[in-house]
Amino acid sequence: MVNINAASSEHMSFAYLEKLRKMNPAWRFLTSTQSPYIASFLFQVFIAEDRRQISGQELASRLDDFIHVVNHDREDAIFTRSGREYLNEWADDQHGWLRKFYPIGHDEPHFDITSQIQKSLDWLLSLRQQMFIGTESRLKTVFDLLRQIVAGVESNPHQRLAELQRQKDEIEHEMKLVAEGKIDVLDETQIKERFWQAMSTAREIVSDFRAVEHNFRELDRDLRERIATWGKGKGELLETIFNEQDGIAQSEQGKSFAAFWRFLMSSDSQEDFSTTLHRVLELEPIQDMGSNKENRNIHHSWIQAGTHVQEIVATLSQQLRNYVDENYIAEERRINQILREIEGKALNIRNNPPENWCLEIDDVKPSILLPLDRPLYASRTKIEIRNDAIDVGSESFSADSLYSQVYVDKEKLQNQITYLLRTHDSITISQITAEYPLELGLSELMMYFVIADDDLNADQADEHEEVFWEDADGTVRLAKIPKIVFRRKQIGE
């Protein structure tokens, strides 16, 4: 393990800091004369609204409005160009404050702040005057972490049992005090202090995701560069890449992210966290602090940020798959060339075969018999053809039926299913209609069956469930349907 003091001394050396000031985007951002205005805009758009990517048109429009407000309040104009010009400048290699990219299925560029700018904004936010410094809760956290380390590395059974016995005695002592009515509760200051520390750590997790995403994106860029410049065999390159991917997955950061993602994707963990957070936010001291929507939905921000990281991993896998599958036409041509060479050599020795040479084969193709693969007998349906005459119709008729058609938006229903699967491993039609009641009655209910028939991740259980809806006239309808289970699609499928 690297010595912390030695690493810190090397990082804080004059030569390294001078190089860092010129090369690091975060440092260049903080020393810019326009950094107060830029930081205010980027914070409001990306951090305060918890946005991971914004289309170039929307972001340029909002920046134009921001520029108008800033320049209007000053005698000298700070920004003299259009918002789109500034966005392209902030995303170039010289600045590196924004990441410009094209999401899959979009032909318009999108923007997101880089991990370096995320660190700069977090540091600027940490400079605000705090209501109080939570020393007690952080001290208890340090002690708890150290105890977890000591207990986790202890391999002596007697020592481990002694520690568990100590914890048991403490719990039994506390249970005895509670039974006697002696309950020690947190005061208002302790509640606020612990909540402030919990939310600060939660926001730091969201910030760290951008750094993790940046690391995987750098691996993807390096992979594309290697494939473009590789001149040797595929096997050597794939072995090198797989070794590096395994190294990332087995690294401290990779293991920590994998464990965090497994815990976050657990339905029990999500439900437990949501329930606990809701109970905390209902406390009067927390409400006095002005807890906002950001704190209430912080776990959704984790899921959204983690999904972006998983998409980068899926992109790596797709890039490898494309590399393995490319040039298959050239390989087929090579196979055909080899076959033609074999045929040419066979023609050359047709009239002059080698002596004492023979080749025996049982058959020219294998015989495969699959008794259970035979289709079952199905009787043919006799088609009846009727030769009825067509009568002349009436010119006057009611066209009301042409305007009474019901249109069910299939894409809207699919989006509702996808949104609910962000927080559930699986969900049924009755659970979906509980969140989004049926507006078009039986037609909308049948569309869910159509979606399930096209979805590879949807299964039909052996049981039934009931779905209720209310017609336009107020009549309550009930349908007993087979239980259809929609499951979350795994990343990379």
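Here, the structure is the one placed above.
Student: An account of the sheet that holds strand β1 (residues 54-55) is needed here, citing residue identities and associated values.
Tutor: Taken together, the 3 strands give an open sheet; going across it, the order is β1-β3-β2, and neighbouring strands pair in antiparallel fashion. Of all strands in the sheet, those with a lone pairing partner are β1 and β2 (98-101), marking the two edges. For β1 and strand β3 (residues 110-113), the ladder comprises 2 bridges, and the chain directions are antiparallel. In the strand pairing of β3, Ile54 is matched with Phe111. With respect to the sheet, helix α4 (residues 35-47) is in contact with β1, β2 and β3, its orientation differing from that of β3 by roughly 105°.

Student: So what's going on with the packing of aromatic side chains? Which residues, and what values?
Tutor: Applying the stated criterion across every chain yields a total of 5 aromatic pairs. Aromatic side chains Phe41 and Phe66 sit 5.4 Å apart centroid to centroid with 45° between the ring planes, which places their arrangement in the tilted category. Of this pair, Phe41 sits in helix α4 while Phe66 sits in helix α5 (residues 56-72); the two residues are 25 residues apart in sequence, bridging distant segments of the chain. Among the aromatic side chains, those forming a connected cluster through ring pairs are Tyr37, Phe79, Tyr86 and Trp90. Seen from the ring of Tyr86, Arg81 lies directly overhead, with NZ or CZ sitting 4.7 Å from the centre.

Student: Got a sec to walk through the environment of Asp122? Specific residues and values, please.
Tutor: On the secondary structure map, Asp122 appears in helix α7 (residues 115-126). Here Asp122 falls in the partly exposed class, since its relative accessible area comes to 28%. Remark: the alpha-carbon pair of Asp122 and Glu204, spanning 82 residues in sequence, is separated by 8.4 Å.

Cut-off values and rules
- Residues numbered from 1 in each chain as written.
- Predicted model: local features only at pLDDT ≥ 70, side-chain atom pairs only at ≥ 80, totals over all residues.
- Heavy atoms only, no water.
- Pairing = 2+ DSSP bridges.
- Helix = DSSP H or I, 4+ residues; strand = E, 2+ residues; numbered from the N terminus.
- Contact = heavy atoms within 4.5 Å.
- Axes fitted to C-alpha atoms, helices over the stretch in contact; angles between N-to-C directions.
- Phe/Tyr/Trp six-rings, centres within 6.5 Å; stacked < 30°, edge-to-face > 60°.
- Lys NZ or Arg CZ within 6 Å of the ring centre and 35° of its normal.
- Buried < 20%, exposed > 50% of the residue type's maximum accessible area, 1.4 Å probe, protein only.

Function-wise, these values are silent; they only describe arrangement.
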